[in-house]
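Structural characterization, general
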Amino acid sequence: MSEIWQRKMRTYFKVHDFNKDGYVGQERFVGLIRSLASVLNAAPETREKVAEDMSKLWLKFMKAGDLKKDARLTATILIESMKQQLYDPEFILLGNAVVRGMFHMLDVSRDGYLQREEFETWIRGIGIPPELWDTQIAFDGIDANKDGQLSIDEFVRAFFEFFFSQDENSPSKYFFGQLVD
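Basis of the calculations
Throughout, a residue's number is its position along its own chain's written sequence, starting from 1. Local features in this predicted model are restricted to residues of pLDDT 70 or higher, and side-chain atom pairs are both shown and tallied only at a pLDDT of 80 or more, whereas totals for entire chains, interfaces and linings draw on every residue. Working from all heavy atoms in the structure, the side-chain values ignore hydrogens and water. The numbering of helices and of strands both runs from the N terminus, where a helix is a DSSP run of H or I of at least 4 residues and a strand a run of E of at least 2. For the radius of gyration, the atoms used are the C-alpha atoms, and the globule rule reads 2.2 Å times the number of residues raised to 0.38. Only heavy atoms matter for contacts: two residues are in contact if any of them lie within 4.5 Å across the pair. Charge counting follows a simple rule: Lys and Arg are positive, Asp and Glu are negative, and His as well as the terminal groups are ignored. The atoms used to mark charge sites are NZ of Lys, CZ of Arg, CG of Asp and CD of Glu. The buried label goes to any residue with under 20% of its type's maximum accessible area, the exposed label to any with over 50%, and the partly exposed label to all in between, with areas taken from a 1.4 Å probe on protein chains only. Helix span is expected to be 1.5 Å times the residue number reduced by one. In this analysis, rings of Phe, Tyr and Trp, with Trp reduced to its six-membered ring, are considered paired at centre separations within 6.5 Å, and the interplanar angle assigns stacked below 30 degrees, edge-to-face beyond 60, and tilted for intermediate values. Either the NZ atom of lysine or the CZ atom of arginine qualifies as a charge over a ring when it sits within 6 Å of the ring centre and within 35 degrees of the ring normal.

Thoughts on the overall build of the protein chain
- Along the protein chain, the regular secondary structure elements total eight helices and two strands.
- Reading the helices (α) and strands (β) of the protein chain from amino to carboxyl end gives α-α-α-α-α-β-α-α-β-α.
- Relative to the compact-globule value of 16 Å for 181 residues, the protein chain shows a C-alpha radius of gyration of 15 Å, a close match.
- Principal axes of the C-alpha set define a box for the protein chain whose edges measure 45 × 40 × 30 Å.
- Within the protein chain, residue pairs in contact and separated by at least 24 positions form 62% of the contacts whose partners lie at least 6 positions apart.
- The centroid of the 23 positive side-chain charges in the protein chain is displaced by 5 Å from the centroid of its 29 negative side-chain charges.

Regarding the environment of Met-102
- Its place among the elements puts Met-102 in helix H5 (residues 89–106).
- Looking at Met-102, the relative accessible area reads 4%, which means it is buried.
- Once residues within four sequence positions are removed from consideration, Met-102 is found in contact with Ile-33, Val-50, Trp-122 and Phe-159.

Concerning helix H1 (residues 3–16)
- End to end, H1 covers 20 Å across 14 residues, agreeing with the expected 20 Å (1.5 Å per residue, within 8%).
- Burial runs high along H1: 10 of the 14 residues are buried.
- Residues Ile-4, Trp-5, Lys-8, Met-9, Arg-10, Thr-11, Tyr-12, Phe-13, Val-15 and His-16 constitute the buried set of H1.

Some remarks on the packing of aromatic side chains
- All told, the structure shown has 16 aromatic pairs when counted by the stated rule.
- With a centroid separation of 5.1 Å and 55 degrees between ring planes, the pair formed by Phe-155 and Phe-175 is classed as tilted. Highlighted residues: Phe-155 in helix H8 (residues 152–164) and Phe-175 in the segment after H8, separated in sequence by 20 residues.
- Three or more aromatic residues joined by ring pairs form one cluster here, namely Tyr-12, Tyr-87, Phe-103, Phe-155, Phe-159, Phe-160, Phe-162, Phe-163, Phe-164, Phe-175 and Phe-176.
- Over the face of the ring belonging to Phe-162 we find Lys-8, whose NZ or CZ atom lies 5.5 Å from the ring centre.
- Looking at Arg-72, its charged tip hangs above the ring of Tyr-23, at a distance of 3.9 Å from the centre.

A short note on unusual backbone geometry
- For Lys-20, which is not a glycine, the phi torsion comes out positive at approximately 60 degrees.
- Assessed through its relative accessible area of 57%, Lys-20 is described here as exposed.
- Positive phi outside glycine occurs at Lys-146, with the angle close to 55 degrees.
- Inspection of the secondary structure assignment puts Lys-146 in the loop between helix H7 (135–142) and strand S2 (150–151).

Set out below in structure tokens:
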């Protein structure tokens, strides 16, 4: 995999590594969704379904890394695990369910679109310091039809482009904040 892809995976890892100790356990991995749901006052059924799907993704990471359920991920293990299962249909279905659930949690106005303010909540909800994420670039890049709001299709496409694309010019690279080195 390309260097840009590996940087994106390290960035994704950084989002989950709340205390910056270089490790992520299942509690932190699923905790990201619980934290976001709490900030947004998400419906309990949505919160629990997304948390359940995140737990299933965690188990896929552990299985691919040949690790026990209660083990902790490092950025290196995450990258190797992602390489092994990136094209696994079950992994893709789980990722799709998680990102769609996140979209519905972020759409606090319940109009089927994310406005810039709702999208910016994403930053606070996942704990990225605002100075490390240019929301203008990210939002405008994800807004494919340039209507000033994000549809679920645009949001899901950007999520999957983050994980699958190796195009370093793709605005989806900012989906989880500014890339780490």
